[in-house]
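If you want the building blocks of each chain, they are given just below.
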There are 4 protein chains.
Amino acid sequence: MDETAPTLQIFRAGRPEWRDATKTRPVRVGPVTFGAGRPVVIAGPCAVEGLAQTLEIAQAVRDAGGEMLRGGAFKPRTSPYSFQGLGERGLEILAEVRDQTGLPVVTEVMDTRRVELVASYADMLQVGSRNMQNFPLLIEVGQAHKPVLLKRGWSATLEEWLYAAEYIAAQGNLDVVLCERGIRAFPLNDYSRNILDLNVLPALREETFLPVIVDPSHATGRADRVPAAARAALAAGADGLMIEVIGEHTVRADVSCDGEQGIVPSVLRELLAYARATSPAPSPGP
Amino acid sequence: MDETAPTLQIFRAGRPEWRDATKTRPVRVGPVTFGAGRPVVIAGPCAVEGLAQTLEIAQAVRDAGGEMLRGGAFKPRTSPYSFQGLGERGLEILAEVRDQTGLPVVTEVMDTRRVELVASYADMLQVGSRNMQNFPLLIEVGQAHKPVLLKRGWSATLEEWLYAAEYIAAQGNLDVVLCERGIRAFPLNDYSRNILDLNVLPALREETFLPVIVDPSHATGRADRVPAAARAALAAGADGLMIEVIGEHTVRADVSCDGEQGIVPSVLRELLAYARATSPAPSPGP
Amino acid sequence: MDETAPTLQIFRAGRPEWRDATKTRPVRVGPVTFGAGRPVVIAGPCAVEGLAQTLEIAQAVRDAGGEMLRGGAFKPRTSPYSFQGLGERGLEILAEVRDQTGLPVVTEVMDTRRVELVASYADMLQVGSRNMQNFPLLIEVGQAHKPVLLKRGWSATLEEWLYAAEYIAAQGNLDVVLCERGIRAFPLNDYSRNILDLNVLPALREETFLPVIVDPSHATGRADRVPAAARAALAAGADGLMIEVIGEHTVRADVSCDGEQGIVPSVLRELLAYARATSPAPSPGP
Amino acid sequence: MDETAPTLQIFRAGRPEWRDATKTRPVRVGPVTFGAGRPVVIAGPCAVEGLAQTLEIAQAVRDAGGEMLRGGAFKPRTSPYSFQGLGERGLEILAEVRDQTGLPVVTEVMDTRRVELVASYADMLQVGSRNMQNFPLLIEVGQAHKPVLLKRGWSATLEEWLYAAEYIAAQGNLDVVLCERGIRAFPLNDYSRNILDLNVLPALREETFLPVIVDPSHATGRADRVPAAARAALAAGADGLMIEVIGEHTVRADVSCDGEQGIVPSVLRELLAYARATSPAPSPGP
């Protein structure tokens, strides 16, 4: 970046109170706090498909010890002929499930024209990998007075990712949580669609005070590989996880999106028990 | 893609009249035709910075033999503190320059809320690399009744790119021109920011009837490397080029965006003379 | 691979006794066993620089709980003008240090003409990343009647890596331990030279019964990032670690190779204490 | 490279007589000269399979206007169970075919123990992609008093490639020709196994005076894509091409290696006619 910015708000160097390498600025979403030491687990379905499905999974998430619910109402799909999400009806379902379970809700917004709508239902706005550099969206989201979950573009450099966060911060919103979700590399169609990149975690710790979580579901693409990736992310010092879950007895082929990567609640329970039992990993910073 | 689409409109197999490997469906933009044998050269400034600058470059483009003008009014910039384009004033300038030079205009649109505005000025709408999978934008652009220039995301697979085009086609608009602009690979910060990928050209010829052009400016990132990449693209059978140009006597440091990669009009002239002199390369593919 | 091999010895499917997903065939190196449940820690200097240096580090490794010593006598260096290792004198030092500490020794061999020599000193032969597809070397190493540590080429696919192991196995030697050491991806010169690829671990578990360890030193390239990567590798189910160590009070600039990535013994001690305290992670397989 | 070399012999800056950007130091192989303006075409079978096959192809290469014969006697194969080449018998065949056709011969050497043998038959020694950083081999080849064709490792940076050449130069042999053959990137198993990287050509021109040729056969992996890639390489300023050829009536499935990528002599003839007709492309340098 040869252009010097007036104030790089999300860079550690720019904020004296967060300069110490071990300090992360906490981001609060209702009763949940990211970056306060204890890893936060967000879990839920890939897409909201109906009230019964979402409620069943949300209750299982809460019972397993998850603190927050994820679920897509507007889904970015490679093909225009794939299921695109329930739209506003999906948002209503998420709000209803939050009321019944107490779990705050994060859901994706893809369109500048829908930010206000999504923000009226969600507790946290998700900007997805494909939109990490959708700058008008970042600006709009930055003005929505809600915490933001900013997923990394699958080929984004550290700088591109942090400048995307800066677009949000420049609107006066520092409540951004970063989410690593696997990068694209040469093994693309070999043994894994994405490669979980844990090397980026300590690099982010040096550059910014924003909390960083990991999405082991997209980073592996297969349910049976999610637990190991999740444990590795926590061992590397992640501030939390975002995990896709399907119903305990759901047939994977019936799931409307990414059916292969959702873990069942019993596996989530085991994973969270393991996570809570493990003494918190020392900070990855220097 | 395990999901079968009802009709994949942009795939060659789905359209009997374009099945022959040598056939490309022409796309017309005013007096210009992409995919009709003769490569089309689009050239112009990275960003519209003012009327005088844009007019000077456009006249030079026309005099050099270029058929179409490019220029950004809304610019996607990595940093929120970089010049973001002149916005609607930039569109007005482009329209005025088109009136004076006769060159049709292509310019980028990034925001669903601005598609109608941009379409009211431009002859062709550009969807940039960062927005290749901005699906609401693709849908909106597909409904705008204008030809579309769809740049490849720098890490997009062939399938992802073609499905992005399909989002536009699904709105009833087949007038899509694809633009290869370099991919992201391990030499990212070594000798070149992007790697020009000419291998994708014959692969596209097999899969789709859409014309494909190449952007040697972004694919190399340096003015002195643009001519060789442009010649290579034509030799590999590209249906056209999109090239960034700066004023003949402009100081690169004064250019508001990507100043290192714009070539001067005299180099464009030599390049186009070479291109026109070379007998058209035989079609790639079988 | 369209060519079908007569017997793929290292593929799980080819060996009934190792077909069960949880079974790894143990590889023994003196008193050390890879793949028997308890992760093995190999540690030592990048290069053997002298007896005092090597002995000091080896004693620290042993005191910290490491089970095996690494150290390069023949070093593959990008530049011909960099320190190339002490050669046979380095091997003598390793043997002497083994005698004094009891730690078995693994060291790299790069030249078919030196395999016999290196095998006469070392307990385990290392084939480095750059030589993963040096087929004459693999054949020679396969005939040396010593266990082999086969590092992954930094851009090797799963298939290429396993076929490299198969070259060794085809000589009648199944005592191969695989070592993931980071892959080359677009962030090459961004925040990390290599990207630790833990996704390959479960994929290997499905395909082969060979033990797999992780080298967090090369996978991160910086001492302060090694512990988090090492913990993550263990959490993901690695059968061991290979870690570069420098003297507790060594000045990094004085180290003859890769001085930035060696951790000091006190950090190794903390890391091993953590590793031993953590209950063994469940197997990553299905 | 933080280590400064005593003399970087292959870097342009180190040799006053080659400092001018347009100057390449010619490398002579018998009657053939690389880097003297006119592109050199090397062609021949992937592997030498017999005298009749090799002679037929060599005569076709000569008749088409090719100046040099390629053919593998020692073949690096991913699987140990694939055809590994005819070995010394292959070298004898190459020598006999050279006598009958007058074409100088380049063939690969993989093993330090075979350099003397291969050099006793071949006019030019090829170091393959997998051995680009096989340093003992580079040293041995550097001492063999023969010109060397150094293929780029498929994930090698510019620096790594040039330092590999420097290993040869450090033995007193500056007669090195570089060969770009496609890099490994995310589209690995998508539409192409490798991606032809023409961006590296102008970068090499700036850094070194060594001639650079392109191998469109490995860079595309499919016969029907070779001509377009070959034309593009010439248009980008390559000093030559290395192309795999099969017999005009050979059944691809019968070829013992890389049968899909060899072009037939009639296609080679058309390609060379095109290449010779095209006015030499201007130099890619600044």
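Given the structure is predicted, the values throughout are model-derived calculations rather than measurements.

Reading the values: the criteria
Residues numbered from 1 in each chain as written. Chains lettered and ligands numbered in written order. Predicted model: local features only at pLDDT ≥ 70, side-chain atom pairs only at ≥ 80, totals over all residues. Heavy atoms only, no water. Helix = DSSP H or I, 4+ residues; strand = E, 2+ residues; numbered from the N terminus. Rg over C-alpha atoms; globule rule 2.2 N^0.38 Å. Buried < 20%, exposed > 50% of the residue type's maximum accessible area, 1.4 Å probe, protein only. Contact = heavy atoms within 4.5 Å. Phe/Tyr/Trp six-rings, centres within 6.5 Å; stacked < 30°, edge-to-face > 60°. Lys NZ or Arg CZ within 6 Å of the ring centre and 35° of its normal. Disulfide = S-S within 2.5 Å. Salt bridge = Lys/Arg side-chain N within 4 Å of Asp/Glu carboxyl O. Least-squares fit on C-alpha atoms with pLDDT ≥ 70 in both. Buried area = accessible area lost by both parts, 1.4 Å probe. Polar contact = N/O pair within 3.5 Å; in protein donor to acceptor, adjacent residues only side chain to side chain. Nonpolar A, V, L, I, M, F, W, Y, C, P; charged D, E, K, R; others polar. Axes fitted to C-alpha atoms, helices over the stretch in contact; angles between N-to-C directions. Parallel < 35°, antiparallel > 145°, perpendicular 65-115°, else oblique. Left-handed = near helix turned anticlockwise from the far one by under 90°. Pairing = 2+ DSSP bridges. Right-handed = clockwise from strand over helix to strand, strands pointing away.

A. Geometry of the overall build of chain A. Broken down by element type, chain A carries nine helices and ten strands. For 286 residues, the compact-globule formula gives about 19 Å, and the C-alpha radius of gyration of chain A, at 18 Å, lands near that figure. With the principal axes as the frame, chain A shows a C-alpha extent of 50 × 45 × 40 Å. The buried share of chain A, reckoned over its 286 residues, is 67%. Pairs at least 24 residues apart make up 68% of the contacts formed inside chain A by residues separated by at least 6 positions.

B. Spotlight on the packing of aromatic side chains. All names here are of chain B. Taken as a whole and assessed by the stated rule, the structure comprises twelve aromatic pairs over all chains. Note on Phe135 and Tyr167: the rings are 4.4 Å apart at their centroids and 20° apart in plane angle, and the pair reads as stacked. Of the two residues, Phe135 sits in helix α4 (residues 135-142) while Tyr167 sits in helix α5 (residues 158-169), which places them 32 residues apart along the sequence. For Tyr167, a relative accessible area of 2% corresponds to the buried category. In this structure, Arg231 packs its charged tip against the face of Tyr274, placed 5.5 Å from the ring centre.

C. How the structure looks around the state of the cysteines. Residues and elements named next belong to chain A. Going through the model one piece at a time under the given rule, you end up with four disulfides over all chains. Bridging Cys46 to Cys257, the disulfide has an S-S length of 2.0 Å. Of note, the bridge from Cys46 to Cys257 carries an S-S torsion of about -110° and is left-handed in sense. Of this pair, Cys46 sits in the loop between β3 (40-44) and α1 (51-64) while Cys257 is found in the loop between β10 (240-244) and α9 (265-277), placing the two residues 211 residues apart along the sequence. An identical accessibility class is assigned to Cys46 and Cys257; each is buried. Note on Cys179: no disulfide assigned, nearest cysteine sulfur contributed by Cys46 at a separation of 14 Å. A relative accessible area of 0% places Cys179 in the buried class.

D. The arrangement of the pattern of salt bridges in detail. Inspection of the entire model under this criterion finds 72 salt bridges over all chains. When the shortest N-O distance is used, the salt bridge between B:Asp111 and B:Arg113 registers 2.7 Å. Judged by relative accessible area, B:Asp111 falls into the buried class, the value being 5%. Relative accessible area serves as the criterion here: at 42%, B:Arg113 is assigned to the partly exposed category. Connected through salt bridges with shared partners, the residues A:Glu206, C:Arg222, C:Asp224 and C:Arg225 form a single ionic network.

E. The arrangement of the relation of the copies chain A and chain C in detail. After a rotation of 180° and a shift along the axis of 0.0 Å, chain A superposes on chain C with an RMSD of 0.0 Å. Given the turn and translation reported, the copies of this chain are related as if by a two-fold rotation axis. When each C-alpha of chain A is compared by its distance to the rotation axis, A:Ala232 comes out closest, at 2.0 Å. Of all interface residues in chain A, 100% are interface residues in chain C too; the two copies therefore contact each other through one and the same surface.

F. Broad picture of helix α6 (residues 200-207) of chain D. All names here are of chain D. With six of its eight residues buried, α6 lies for the most part within the structure. Burial in α6 covers these residues: Val200, Leu201, Pro202, Ala203, Leu204 and Arg205. In this fold, the buried residues of α6 make contact with α5 (158-169), β8 (176-180), β9 (212-214) and α8 (226-235).

G. View of the relation of the copies chain B and chain A. Of the two same-sequence chains, chain B is brought onto chain A (RMSD 0.0 Å, axial shift 0.0 Å) by a rotation of 180°. Same-surface contact between copies: 100% of interface residues of chain B are shared with the interface of chain A.

H. Representation of the interface of chain B and chain A. On the side of chain A, 38 residues touch chain B, which itself brings 38 residues to the contact. Of the roughly 3300 Å² buried between chain B and chain A on both sides combined, carbon and sulfur atoms contribute 53%. Along the contact surface separating chain B from chain A lie six salt bridges. We note a salt bridge from A:Arg193 to B:Glu160, for which the minimum N-O separation is 3.1 Å. Counting across the interface, chain B meets chain A through 24 residue pairs in polar contact (both at pLDDT 80 or more). Looking at the side of chain B that touches chain A, the elements with two or more residues in it are α4 and α5 of chain B. Among the elements that take part in the side of chain B that touches chain A, α5(B) stands out by supplying four residues, more than any other. The class makeup of the residues in the side of chain B that touches chain A is 16 nonpolar, twelve polar and ten charged.

I. Representation of the interface of chain A and chain C in the model. Taken together, the contacts link 42 residues of chain A with 42 residues of chain C. Per-residue buried area on chain A facing chain C is highest for A:Phe186, A:Tyr191 and A:Asn199; these three make up 22% of the total on that side. For C:Arg222, the salt bridge is made with A:Glu206, and the minimal N-O distance between the two is 2.8 Å. There are 18 residue pairs in polar contact (both at pLDDT 80 or more) connecting chain A and chain C. Going through the elements one at a time, α6 (200-207), α7 (216-220) and α8 (226-235) of chain A are the ones with two or more residues in the side of chain A that touches chain C. The residue makeup of the side of chain A that touches chain C, split by class, is 24 nonpolar, nine polar and nine charged.

J. Inspection of the packing of α5(B) against helix α6 (residues 200-207) of chain B at higher detail. Residues and elements named next belong to chain B. Put simply, α5 and α6 touch, their axes get as near as 11 Å, and they point 50° apart. In terms of orientation, α5 and α6 fall into the oblique class. Crossing handedness for the pair α5 and α6: right-handed. Within the contact between the two elements, α5 uses Leu158, Trp161 and Leu162 and α6 uses Val200, Ala203, Leu204 and Glu207. Of the residues contributing to the contact of α5 with α6, the split by class is six nonpolar, no polar and one charged.

K. Quick peek at the side chain of A:Gln261. Residues and elements named next belong to chain A. Mapping Gln261 onto the fold places it in the loop between β10 and α9. Judged by relative accessible area, Gln261 falls into the buried class, the value being 5%. For Gln261, the side chain forms a polar contact with the side chain of His218, separated by 3.3 Å. Here Glu244 takes part through its side chain, which lies 3.3 Å from a polar atom of the side chain of Gln261. Beyond its immediate chain neighbours, meaning those up to four positions away, Gln261 contacts Ser217, His218, Gly221, Arg222, Ala223, Val226, Glu244 and Arg252.

L. Here's a closer look at the packing of helix α1 (residues 51-64) of chain B against helix α2 (residues 88-101) of chain B. All names here are of chain B. Interhelical geometry of α1 versus α2 gives an angle of 40° and a closest axis separation of 10 Å. Relative to α2, the element α1 is oriented oblique. Along this stretch, α1 crosses α2, giving a crossing that reads as right-handed. Contacts between α1 and α2 involve Leu51, Thr54, Leu55, Ala58, Gln59 and Arg62 on the former and, on the latter, Ile93, Leu94, Glu96, Val97, Gln100 and Thr101. Of the residues contributing to the contact of α1 with α2, the split by class is six nonpolar, four polar and two charged.

M. How the structure looks around the pairing of strand β5 (residues 105-108) of chain D. All names here are of chain D. Here β5 shows two buried faces, one formed by Val105 and Thr107 and the other by Val106 and Glu108. Of the pairings in the sheet, the one linking strand β4 (residues 68-70) to β5 comprises two bridges and is parallel in character. Note on β5: the bridge partner recorded for Arg70 is Val106. Handedness of the β4-helix α2 (residues 88-101)-β5 crossover: right-handed. Two elements, β5 and strand β6 (residues 124-127), share three bridges in a ladder whose sense is parallel.

N. Structural context of the pairing of β10(A). Residues and elements named next belong to chain A. Counting buried positions over the five residues of β10 gives five, a clear majority of the element. With five bridges joining them, β3 and β10 adopt parallel strand pairing. Each bridged residue has a counterpart across the sheet, and for Ala43 the counterpart in β10 is Ile243.

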